[in-house]
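Fold and geometry: a report
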Amino acid sequence: MASADFRERLLAGLGGDWPKPGPLNVQVRETIKKDGYTLISVFYEAEPGDVVPGNLLVPDTATATTPAPGIAVWHQHNGNWSLGKSEPSGLAGMPMHHTGVALAKAGYVVVCPDALCFGERMDPTKKQQGGNFERFEFLRYVVAGKCLAWKHILDMKRAIDFLVSRPEVQSDKLGCYGHSMGSTHTWMVGPWEPRLKCLVGNCCLPTYKAIHREHMLHCFPNFVPGIFQYGDTPDIAALIAPRPLHLNFGETDGGSPIDEVRRGIDVIANAYASMHAEKNFSSFIEPATGHVLSDEMWKRTLNWFNRHLRS
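My aim in this report is to walk through the structure given alongside it, one point at a time. In this numbering scheme, every chain counts its residues from 1 along its sequence in written order. Per-residue local features are limited, in this predicted model, to residues with pLDDT of at least 70; the limit for side-chain atom pairs, both in listing and counting, is 80 or more; totals at the level of whole chains, interfaces and linings are taken over all residues. As a rule here, side-chain values cover all heavy atoms of the structure and leave hydrogens and water aside.

Moving on, we come to the overall build of the protein. What the protein contains, in helices and strands, is 9 helices and 9 strands. Between the two quantities, the radius of gyration covers C-alpha atoms and the globule rule is 2.2 Å times the number of residues to the power 0.38. Radius of gyration (C-alpha) of the protein: 18 Å, near the 19 Å computed for a compact globule of 311 residues. By principal-axis analysis of the C-alpha atoms, the protein measures approximately 50 × 45 × 35 Å. Residue burial in the protein is summarised as follows: out of 311 residues, 58% are buried. In what follows, a contact means two residues having at least one pair of non-hydrogen atoms within 4.5 Å. Intrachain contacts of the protein at a sequence separation of at least 6 include 72% that bridge at least 24 residues. Computed over 31 positive and 32 negative side-chain charges, the separation of the two mean positions in the protein equals 3 Å. Each helix is a run of DSSP H or I of at least 4 residues and each strand a run of E of at least 2, with the numbering of both proceeding from the N terminus. Buried, partly exposed and exposed residues are distinguished by accessible area as a fraction of the type maximum, computed with a 1.4 Å probe on protein chains only: under 20%, between the cut-offs, and over 50%, respectively. A residue counts as positive if it is Lys or Arg and as negative if it is Asp or Glu; His and the chain ends are not included. In this description, the location of a charge corresponds to atom NZ of lysine, CZ of arginine, CG of aspartate or CD of glutamate.

With that settled, the discussion passes to the pattern of salt bridges. By definition, a salt bridge exists where a carboxyl oxygen of Asp or Glu is found within 4 Å of a side-chain nitrogen of Lys or Arg. One pass over the structure, following the stated rule, counts 22 salt bridges. Where Asp50 meets Lys151, a salt bridge forms, and the shortest distance between an N and an O atom there is 2.5 Å. Highlighted residues: Asp50 in strand S3 (residues 50-59) and Lys151 in helix H4 (residues 148-165), separated in sequence by 101 residues. Residue class for Lys151 comes out buried when judged on its relative accessible area of 1%. Salt bridges sharing partners connect three or more residues here, namely Lys209, Arg213, Glu214, Asp259, Glu260 and Arg263.

Interaxial angle, 0 to 180 degrees, is taken between N-to-C directions of lines fitted to C-alpha atoms, where a helix line uses only the stretch in contact. Where H4 contacts helix H5 (residues 181-189), the axes come no closer than 10 Å and their chain directions differ by 80°. Comparing the axis directions of H4 and H5 gives the class roughly perpendicular. Taken together, the residues of H5 that come into contact with H4 (itself represented by Ala149, His152, Ile153, Met156 and Lys157) are His185, Met188 and Val189. Tallied by class, residues from the contact of H4 with H5 come to 5 nonpolar, 2 polar and 1 charged. Geometric relationships in this document are graded by angle, where less than 35 degrees denotes roughly parallel, more than 145 denotes roughly antiparallel, 65 to 115 denotes roughly perpendicular, and other angles denote oblique. Each residue receives one of three labels: charged for Asp, Glu, Lys and Arg, nonpolar for Ala, Val, Leu, Ile, Met, Phe, Trp, Tyr, Cys and Pro, and polar for the others, Gly being one of them.

Further remarks concern empty space enclosed by the protein. Cavities and pockets are defined on a 1 Å grid built over the protein atoms alone: a cavity is a set of grid points where a 1.4 Å probe fits but cannot escape, while a pocket is an open set with protein on both sides within 12 Å along at least five of seven lines, and lining residues are those with an atom within 4 Å of any such point. Grid points are joined across faces, edges and corners, and a volume is the space filled by probe spheres set on the points. One pass over the full model with this rule turns up 2 cavities of 30 Å³ or more. If you add up the space inside the largest cavity, you get close to 90 Å³. In terms of lining, the largest cavity is formed by 13 residues, of which the most central are Trp74, Pro113, Asp114, Ala115 and Met156. Examining the composition of the lining of the largest cavity, we find that 3 residues originate from one element, H4, more than from any other.

Here we come to the environment of Thr38. You can see Thr38 is positioned in strand S2 (residues 37-47). In contact with Thr38, other than residues within four places in its own chain, are Thr31, Ile32, Lys33, Leu56, Leu57, Val58 and Asp60.

When two rings of Phe, Tyr or Trp (its six-membered ring) have centres within 6.5 Å they constitute a pair, described as stacked for plane angles under 30 degrees, edge-to-face for angles over 60, and tilted for the intermediate range. The final tally for this structure, using the stated rule, is 12 aromatic pairs. Their ring planes at 10° and their centres at 5.1 Å tell us that Tyr44 and Phe162 sit as a pair that is stacked. Residue Tyr44 is found in strand S2, and its partner Phe162 is found in helix H4; the two are separated by 118 residues along the sequence. Using a relative accessible area of 0% as the deciding quantity, one classes Tyr44 as buried. Its relative accessible area of 0% is what places Phe162 among the buried residues. Centre to centre, the rings of Tyr208 and Phe228 are 5.7 Å apart; their planes meet at 70°, and the pair counts as edge-to-face. Separated by 20 residues along the polypeptide, Tyr208 in helix H6 (residues 208-214) and Phe228 in the loop between H6 and helix H7 (233-238) bring together distant segments of the chain. Overall, Phe228 belongs to the partly exposed group, its relative accessible area being 41%. Taken together, the ring pairs in this structure connect Trp18, Tyr141, Trp150 and Trp192 into an aromatic cluster.

Below, the structure written as structure tokens:
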């Protein structure tokens, strides 16, 4: 199927066009000076009345007169709905995933928002906990003719709106990064957010073929109703071409069976080659490595951002 046709089918499966963005209505609730950067806790609106809590990490070197590139960091899932933005912001969770802090210390302005169902966006009624609330939201969007991925993409687009609104950010130098579910978010939002000039995903490209073969229960944002008859998840990632995209994988990561990852990499690489943009796609499979952010994976991530957002 031609990429234009697949893109149209994908948009229909997601739930159709996103609403016209309204005011962000940003509120700053706390400012904390850290070592080399400032953490600003904020609220902004994804939709009228739908407030997204986020952390903005501003390096000491970034000001309105000396703006820096901006990067959105999408947090992982890991069955820990309470963490959300706090992990990449360096406030909780595993140190290997304090990636927002690492990027801020490398000179990037970083936003770490909570995805719906995570962090401060868990069930406000407290009637459903953890995965039950995520399941509730997935089904709520399905009966509305959409899916949870549609909502996540909308919210990520609003995070980019927020980055662009900041005077410390170079609005033409924007990227995003995510591990695990955050990687899914990276290749899900990429086709629909042209302001993202550089994207990196770490450890997540589960194809529907592999999910069905292995009887895997995967994150709800991976599932787009009706799309498998037209293509698979690598075809979604391929729509990011020709903008720079790098993907890391662990060879023994059970969440992304490596045989399907290798085939998916070929699909994406072919899309870039068809646009004579081979240099803008890169991938790395680390041998004997599972579902982690290794030192080598992070080195390649940071090099990719430096190459494409600082030139």
